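Here's the letter readout for the chains.
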Amino acid sequence: MAGTIRDIIQEKAALLQDVDVLGVAGAAKELVELSALLASINKEVTDRNFWYNQLCNEELKRTSVAAKAKIIAGASQEWRDWQEAIGYQKATLDMIRALKYFLRRAEDEIREVKY
């Protein structure tokens, strides 16, 4: 499963489109993997935010106008990379929430069958 974060998230999203096929054990395994991936993505978001802020600081020093520096930095690759990482973070959180919901429903069904 090695690859870029984008590839991994696309792979997981495709896999989770039919979560019933995975079953409870497979869904639990994917939940653990996504939680670990989220930790990596959170670090990536932090790193990319740092580099964007560095660029903002450089532009502020260059232009001496905060609004202009922010506009210039907002049109940069650093900003785009940061926003991309935030998108990955949100997608991963959504998949984690969906898996948790699936596992809760499966647990409820098992409880109902017992009684």
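As the structure is a prediction and not an experimental result, all values here were calculated from the model. (Residues numbered from 1 in each chain as written. Predicted model: local features only at pLDDT ≥ 70, side-chain atom pairs only at ≥ 80, totals over all residues. Heavy atoms only, no water.)

(A) Region of the structure containing unusual backbone geometry. Its identity as a non-glycine residue notwithstanding, Ser64 has a phi of 65 degrees, on the positive side. Examined against the element boundaries, Ser64 turns out to sit in the loop between helix 2 (19-63) and helix 3 (66-74). (Helix = DSSP H or I, 4+ residues; strand = E, 2+ residues; numbered from the N terminus.)

(B) Highlighting a negative patch on the surface. Among the surface-exposed residues, Asp18, Asp20, Glu109 and Glu112 lie close enough to one another that they form a single negatively charged patch. Relative to the helices and strands, Asp18 is located in the loop between helix 1 (5-16) and helix 2. (Patch = residues over 30% accessible without salt bridge, like charges linked within 9 Å, V, L, I, M, F, W, Y side chains within 5 Å. Areas by Shrake-Rupley, 256 points an atom, 1.4 Å probe, with all protein chains shown as cover. Salt bridge = Lys/Arg side-chain N within 4 Å of Asp/Glu carboxyl O. Lys, Arg positive; Asp, Glu negative; His and termini not counted. Charge placed at Lys NZ, Arg CZ, Asp CG, Glu CD.)

(C) Structural view of the pattern of salt bridges. This structure, assessed with the given rule, holds 12 salt bridges. Across the pair Lys43 and Asp47 runs a salt bridge, and its minimum N-O distance is 2.6 Å. Of the two residues, Lys43 and Asp47 both sit in helix 2, four residues apart, roughly one turn of that helix. Accessibility expressed as a relative area gives 28% for Asp47, which makes it partly exposed. Of the charged contacts in the structure, one is a salt bridge between Arg111 and Asp108, with a shortest N-O distance of 3.4 Å. Of the two residues, Arg111 and Asp108 are both situated in helix 4 (residues 77-114); the distance of three residues between them amounts to about one turn of the helix. (Buried < 20%, exposed > 50% of the residue type's maximum accessible area, 1.4 Å probe, protein only.)

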